[in-house]
Amino acid sequence: MRRHEFIEESRKQWSSESAFVASMAAAAVGLGNLWRFPYIMGENGGGAFVVAYLTALIVVVMPIMILEVAAGRLSEGSTVGTYRQVGRFGTFYGWFVVLVTVAITSYYLVITGWTLGYAVDSVRGELRVFDEFTSGYNSLWFFIATTVLAAIVLARDVTAIETLSKLLMPALVAVVLFLVFQASQTPGWGEAKDFFFQVDWSRLWSGQLWGFAFGQAFYTLAIGQGYLVTYGSFIPRKTHLPRACLTVAGVETSIALLAGWMIFPFVFSFGLEPGQGSALAFETLPRVFDQLPGGGWLAALFFGLFFAAAFTSSLAGLKVVTAAVAEEFRLRNGTAVAIVTGVMLVLGTASALSFTPLEWRIAGEPVLDVIDRVAGGDVIIFSGVTGAALLCWFIPPHRIRTVLGTANRWWEWRVYLVGRYLPVLVVVWALIVFARNQI
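About the thresholds
- Residues numbered from 1 in each chain as written.
- Predicted model: local features only at pLDDT ≥ 70, side-chain atom pairs only at ≥ 80, totals over all residues.
- Heavy atoms only, no water.
- UniProt positions renumbered as here; feature names shortened; annotations may be inferred.
- Salt bridge = Lys/Arg side-chain N within 4 Å of Asp/Glu carboxyl O.
- Helix = DSSP H or I, 4+ residues; strand = E, 2+ residues; numbered from the N terminus.
- Buried < 20%, exposed > 50% of the residue type's maximum accessible area, 1.4 Å probe, protein only.
- Disulfide = S-S within 2.5 Å.
- Contact = heavy atoms within 4.5 Å.
- Polar contact = N/O pair within 3.5 Å; in protein donor to acceptor, adjacent residues only side chain to side chain.
- pLDDT = per-residue confidence, 0-100.
- Expected span 1.5 Å × (residues − 1).
- Bend = angle between axes of the 7 residues up to and from the residue.
- Core = buried A, V, L, I, M, F, W, Y, C linked by side-chain atoms within 4.5 Å.
- Axes fitted to C-alpha atoms, helices over the stretch in contact; angles between N-to-C directions.
- Parallel < 35°, antiparallel > 145°, perpendicular 65-115°, else oblique.
- Left-handed = near helix turned anticlockwise from the far one by under 90°.
- Nonpolar A, V, L, I, M, F, W, Y, C, P; charged D, E, K, R; others polar.

- You'll find the protein entered in an unreviewed UniProt entry as Transporter, with Tamilnaduibacter salinus given as the organism.
- Comment text from UniProt for the protein, heading Sequence similarities (unreviewed entry), reads "Belongs to the sodium:neurotransmitter symporter (SNF) (TC 2.A.22) family."
- For the record of the protein, the UniProt heading Subcellular location (unreviewed entry) holds the text "Membrane".

Description of the pattern of salt bridges
Reasoning step 1: All told, the structure shown has 9 salt bridges when counted by the stated rule.
Reasoning step 2: For Arg84, the salt bridge identified is with Glu328, shortest N-O distance 2.5 Å. Here Arg84 is found in the loop between helix 5 (79-83) and helix 6 (88-124), whereas its partner Glu328 is found in helix 15 (residues 295-328), with 244 residues between them in sequence.
Reasoning step 3: By relative accessible area, which is 31% here, Arg84 ends up partly exposed.
Reasoning step 4: We classify Glu328 as buried; its relative accessible area is 19%.
Reasoning step 5: Note that Arg409 and Glu412 form a salt bridge whose closest N and O atoms lie 3.0 Å from each other. With Arg409 and Glu412 both in helix 19 (residues 409-438) and 3 residues apart, this pair spans about one turn of that helix.
Reasoning step 6: A relative accessible area of 48% places Arg409 in the partly exposed class.

A word on the state of the cysteines
Reasoning step 1: Applying the stated criterion across every chain, the model contains 0 disulfides.
Reasoning step 2: In this structure Cys392 is not part of a disulfide, and its nearest cysteine sulfur, from Cys245, lies 14 Å away.
Reasoning step 3: Residue classification places Cys392 among the buried positions, given a relative accessible area of 0%.

Looking at the environment of Ser354
Reasoning step 1: Summarising the element assignment, Ser354 is placed in the loop between helix 16 (333-353) and strand 1 (361-362).
Reasoning step 2: Those residues within four positions of Ser354 in sequence are excluded, and the remaining contacts are Glu359, Trp360, Arg361, Pro366, Val367 and Leu368.
Reasoning step 3: A polar side-chain atom of Ser354 sits 2.5 Å from the main-chain carbonyl oxygen of Ser351.

Points about the confidence of the model for the protein
Reasoning step 1: With 93% of its residues at a pLDDT of 70 or more, the protein has an overall mean of 85.
Reasoning step 2: Below pLDDT 50 for its whole length, residues 1-11 participates in 19 contacts with residues either more than four positions away or in separate chains.

Considering helix 4 (residues 47-75)
Reasoning step 1: Over its 29 residues, helix 4 runs 40 Å from end to end, which matches the ideal 42 Å to within 8%, given 1.5 Å per residue.
Reasoning step 2: The largest bend in helix 4 amounts to roughly 45 degrees and is located at Val61, with the proline Pro63 lying one to four residues further along.
Reasoning step 3: Along helix 4, 24 of the 29 residues are buried, which leaves the element largely enclosed by surrounding structure.
Reasoning step 4: Following helix 4 by one or two positions, Glu76 adopts a phi angle in the positive range, close to 50 degrees.

What about the nonpolar core?
Reasoning step 1: Counting residues in hydrophobic clusters, the biggest one holds 150 residues, and the most contacted among them are Trp35, Met65, Trp114, Phe264, Phe289, Phe302 and Phe303.
Reasoning step 2: Sorting elements by how many residues they give to this core places helix 15 first, with 19 residues.
Reasoning step 3: Once residues within four sequence positions are removed from consideration, Phe303 is found in contact with Thr115, Tyr118, Ala119, Ser122, Leu127, Leu285 and Phe289.

A word on the packing of helix 3 (residues 31-43) against helix 4
Reasoning step 1: At their nearest, the axes of helix 3 and helix 4 sit 8 Å apart, and the two run at 125 degrees to each other. Considered as vectors, helix 3 and helix 4 are oriented oblique to each other. Along this stretch, helix 3 crosses helix 4, giving a crossing that reads as right-handed. Residues Phe37, Ile40 and Met41 of helix 3 touch helix 4, and the partners they reach there are Phe49, Val50 and Tyr53.
Reasoning step 2: A per-class count over the contact of helix 3 with helix 4 returns 6 nonpolar, no polar and no charged.

Structure (structure tokens):
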């Protein structure tokens, strides 16, 4: 089937490997690191979670990341088009990935709206803790504003994301490092060090802990969500793909750990609970800026950059969906963007209203938290493992080898070892857990 003419004309490549790395890092380094990692770590025992997370990242998630980017580079198509290479089931799986990304992006835009609201409040000098911020309908209004703004940016070509990425990363890292330095001067620094480095090794026997660790690793590197496949389709031919992916993963992991060092010393200094959930960063940081000299301007700078990081990640998710819709239904980009924006406004409203006076709930939990726990956990683990298995069992190794950009066969071996046999290990593990529960 001939690809739609508009897609052929608009599929521009990143200008260089460094531009690809910056854009992918900006897509990966967003809410998953600055918002989700600290609160998931806080709920799962600190140091034990970090050990499990890093193990999952290095042993399993990195090879799958390289595989997904390589598959996108090979097909130069959307998520659905890429997985169609493996047969009819691959097409269904490709649409499943798109639906997962729709679910995640719908609430991701809500949280991005929070960062925009906090940035606006900081500029106005009215920064509030989370409960006060969400006492009205700010969550809904800023979600709508963010979604419309994303649609406007997405209607342009890929260079808009690339330009934003180049400006974003150095400034964000500088502000985070400054806040980590400020955190090191607080009385809670020692307690935070214990929280990070004192590992309760018995917790590593917990399947639930490993589930959260793998879920977070898959989430922050965007495994099984179509991001990597879509971004890989724009990668320049001369790019050394494993090196680029390692760089992105290294930046992502560093920012996630720095976010923990930025948040937890203040959490302990203020006597807050590290396991308080999704509002952790938004509850803690306003108190921090309120006490720092020049905190008002620093808050505006930080939340402005926080919004930019989250916004870039939102664009990445929307790009996955719009690319699939445009290619599969032979639509112009503007039409696809309009359709996807409408879907996001409808679905995201439920998550936005869960943090308003209406307090929409599912089984007593905010709608947003439920979707994050389900779609951002078990579902993306299933999606990532299934996608890796399809690619590794149905695409010959020599085809993936042609797009890795390196003659070193070790990377090919690593990718196929994990992609082909991880699903088997997952099934065996599930059977062991089931048998153990029965006993």
